Amino acid sequence: MDFLSIIEILGLLFGILYIVLMIAEKWYSWLFGIVAVTLYGISCYQYKIYGEMFLQITYVIISLYGIYSWRKNTAKILLISKLSVNEWFKFIFLGLIIAGFSFIILIMLQGAMPILDALTNGFALVATYLAAKKKLGNWIVWVPVNALTIYMMFSKDMHFYAVLYLLYGLFAILGFYQWQKTFESQTQELESEVSN
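Residues numbered from 1 in each chain as written. Predicted model: local features only at pLDDT ≥ 70, side-chain atom pairs only at ≥ 80, totals over all residues. Heavy atoms only, no water.

Visitor: Help me out: how do you make sense of the overall build of the chain in this one?
Guide: For the chain, the helix and strand inventory stands at seven helices and zero strands. Beginning at the N terminus, the succession of helices and strands in the chain can be written as α-α-α-α-α-α-α. Against the 2.2 N^0.38 benchmark of 16 Å for 196 residues, the chain shows a C-alpha radius of gyration of 17 Å, consistent with a compact globule. Along the longest, intermediate and shortest principal axes, the C-alpha atoms of the chain span 60 × 35 × 25 Å. The 196 residues of the chain split such that 46% are buried. Long-range pairs, those at least 24 residues apart, make up 75% of the contacts in the chain with a sequence separation of at least 6. Accessible surface, the chain as shown: approximately 10,500 Å² in total, 71% of it carbon and sulfur. Computed over 12 positive and 11 negative side-chain charges, the separation of the two mean positions in the chain equals 7 Å. (Helix = DSSP H or I, 4+ residues; strand = E, 2+ residues; numbered from the N terminus. Rg over C-alpha atoms; globule rule 2.2 N^0.38 Å. Buried < 20%, exposed > 50% of the residue type's maximum accessible area, 1.4 Å probe, protein only. Contact = heavy atoms within 4.5 Å. Areas by Shrake-Rupley, 256 points an atom, 1.4 Å probe, with all protein chains shown as cover. Lys, Arg positive; Asp, Glu negative; His and termini not counted. Charge placed at Lys NZ, Arg CZ, Asp CG, Glu CD.)

Visitor: Explanation requested: the packing of helix 3 (residues 50–71) against helix 5 (residues 114–132) in the structure shown.
Guide: Helix packing geometry: the angle between the two helix axes and the distance between the axes. Across the interface, helix 3 lies against helix 5 with an axial gap of 9 Å and an inter-helix angle of 5°. Classified by the angle between their axes, helix 3 and helix 5 sit roughly parallel to one another. Contact residues: Y50, G51, E52, L55, T58, Y59, I62, Y65, G66, S69 and W70 in helix 3; D117, T120, N121, A124, L125, T128, Y129, A131 and A132 in helix 5. By residue class, the composition of the contact of helix 3 with helix 5 is eleven nonpolar, seven polar and two charged. (Axes fitted to C-alpha atoms, helices over the stretch in contact; angles between N-to-C directions. Parallel < 35°, antiparallel > 145°, perpendicular 65-115°, else oblique. Nonpolar A, V, L, I, M, F, W, Y, C, P; charged D, E, K, R; others polar.)

Visitor: Where do I start with helix 1 (residues 3–23) in this structure?
Guide: Residues spaced three or four apart along an α-helix face the same direction, because each turn holds 3.6 residues. If you check helix 1, its first and last C-alpha atoms are 30 Å apart, about what 21 residues at 1.5 Å a residue would give, namely 30 Å. Restricting attention to buried positions, one finds in helix 1 the residues L4, I7, E8, G11, L12, G15, Y18, I19, L21, M22 and I23. Against helix 2 (29–46), helix 3, helix 6 (138–155) and helix 7 (159–195) lie the buried residues of helix 1. Taken from the residues just after helix 1, E25 is the one with a positive phi, measuring 60°. (Expected span 1.5 Å × (residues − 1).)

Visitor: How do you make sense of helix 5 when you look at a structure like this?
Guide: The end-to-end C-alpha distance of helix 5 is 27 Å, a good match for the 27 Å that 19 residues give at a rise of 1.5 Å each. When you tally the buried positions in helix 5, you get 16 out of 19 residues, the bulk of the element. Backbone geometry just downstream of helix 5 places K134 in the positive-phi region, at approximately 55°.

Visitor: Would you mind showing me how to read the nonpolar core here?
Guide: The tendency in soluble globular proteins is for nonpolar side chains to be buried as a group. If you look at the biggest cluster of nonpolar residues, it comprises 52 residues, and the most contacted ones within it are W30, W139, M153 and Y161. When residues of this core are traced back to their parent elements, those giving at least two are helix 1, helix 2, helix 3, helix 4 (85–109), helix 5, helix 6 and helix 7. The biggest single contributor to this core is helix 5, with ten residues. (Core = buried A, V, L, I, M, F, W, Y, C linked by side-chain atoms within 4.5 Å.)

Visitor: Whenever I open this one, the side chain of E8 confuses me. Can you help?
Guide: By secondary structure assignment, the location of E8 is in helix 1. The buried charged residue E8 lacks any salt bridge partner; its closest oppositely charged side chain belongs to K156, at an N-O distance of 12 Å. E8 has contacts with S43, Y47, M158, H159, F160 and Y161, leaving out every residue within four places of it along the chain. (Salt bridge = Lys/Arg side-chain N within 4 Å of Asp/Glu carboxyl O.)

Visitor: What is the right way to look at the packing of helix 1 against helix 2 in this model?
Guide: Interhelical geometry of helix 1 versus helix 2 gives an angle of 150° and a closest axis separation of 8 Å. Here helix 1 lies roughly antiparallel to helix 2, going by the angle between them. For helix 1 against helix 2, the interelement crossing comes out left-handed. Along the contact surface, helix 1 presents F3, L4, I7, E8, L10, G11, F14, G15, L17, Y18, L21 and M22, while helix 2 presents S29, W30, F32, G33, V35, A36, L39, I42, S43 and Q46. Partitioning the contact of helix 1 with helix 2 into residue classes produces 15 nonpolar, six polar and one charged. (Left-handed = near helix turned anticlockwise from the far one by under 90°.)

Visitor: Teacher, can you tell me more about the pattern of salt bridges here?
Guide: Pairing is possible between side chains that carry opposite charge, provided their charged atoms lie close to one another. Under the counting rule described, the total for this entry stands at two salt bridges. The salt bridge involving K134 is made with E25; its shortest N-O contact spans 2.8 Å. Here the residue K134 occupies a position in the loop between helix 5 and helix 6, and E25 occupies one in the loop between helix 1 and helix 2, the gap between them amounting to 109 residues. Looking at E25, the relative accessible area reads 22%, which means it is partly exposed. The residue E87 makes a salt bridge to K135 at a minimum N-O spacing of 4.0 Å. Of this pair, E87 sits in helix 4 while K135 sits in the loop between helix 5 and helix 6; the two residues are 48 residues apart in sequence, bridging distant segments of the chain. Taking the relative accessible area as the measure of exposure, E87 reaches 24% and is therefore partly exposed. Looking at K135, the relative accessible area reads 16%, which means it is buried.

Such coordinate-based values are descriptive only and should not be taken to indicate function.
Shown next, in the form of structure tokens:
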């Protein structure tokens, strides 16, 4: 087994731990995520998927924000919330803007698969930010991002990461339903507090 295969296997394991703990709303999920994206970034550099590599650096920064956001006030827990229609439009537009800038940079760097790489960059950044804010819609954004990334990983023979993103896609569906249940429970609690 070569170095890259070991890195990919470790990235797969830490990535699974990250997503399982994220669904359970554990703040330390972000720590596992930092390790996972660091390993993934190393692999992406080796395979010249530069957009994905730079995305991992940004993930680390957003993950640090996620830790801060989820832990900043232990007395007031960050609750799951939904995006308004205006917020959806704003974040879709932001994802497209980031994708556009990413595409230009990837063309200059002669990166592999610049269109897919740029699209996954733009919307993965948006989804990660939404996760840090505990927005339910983050899981919806992850489904197409993961699907595109699976295709990219298979195209580059990064099979362990293709499996990881397949699992991420399945976990995104599970995460959506779990967070939806939590959101409904929180809403009922708040409504009963207001009525009392």
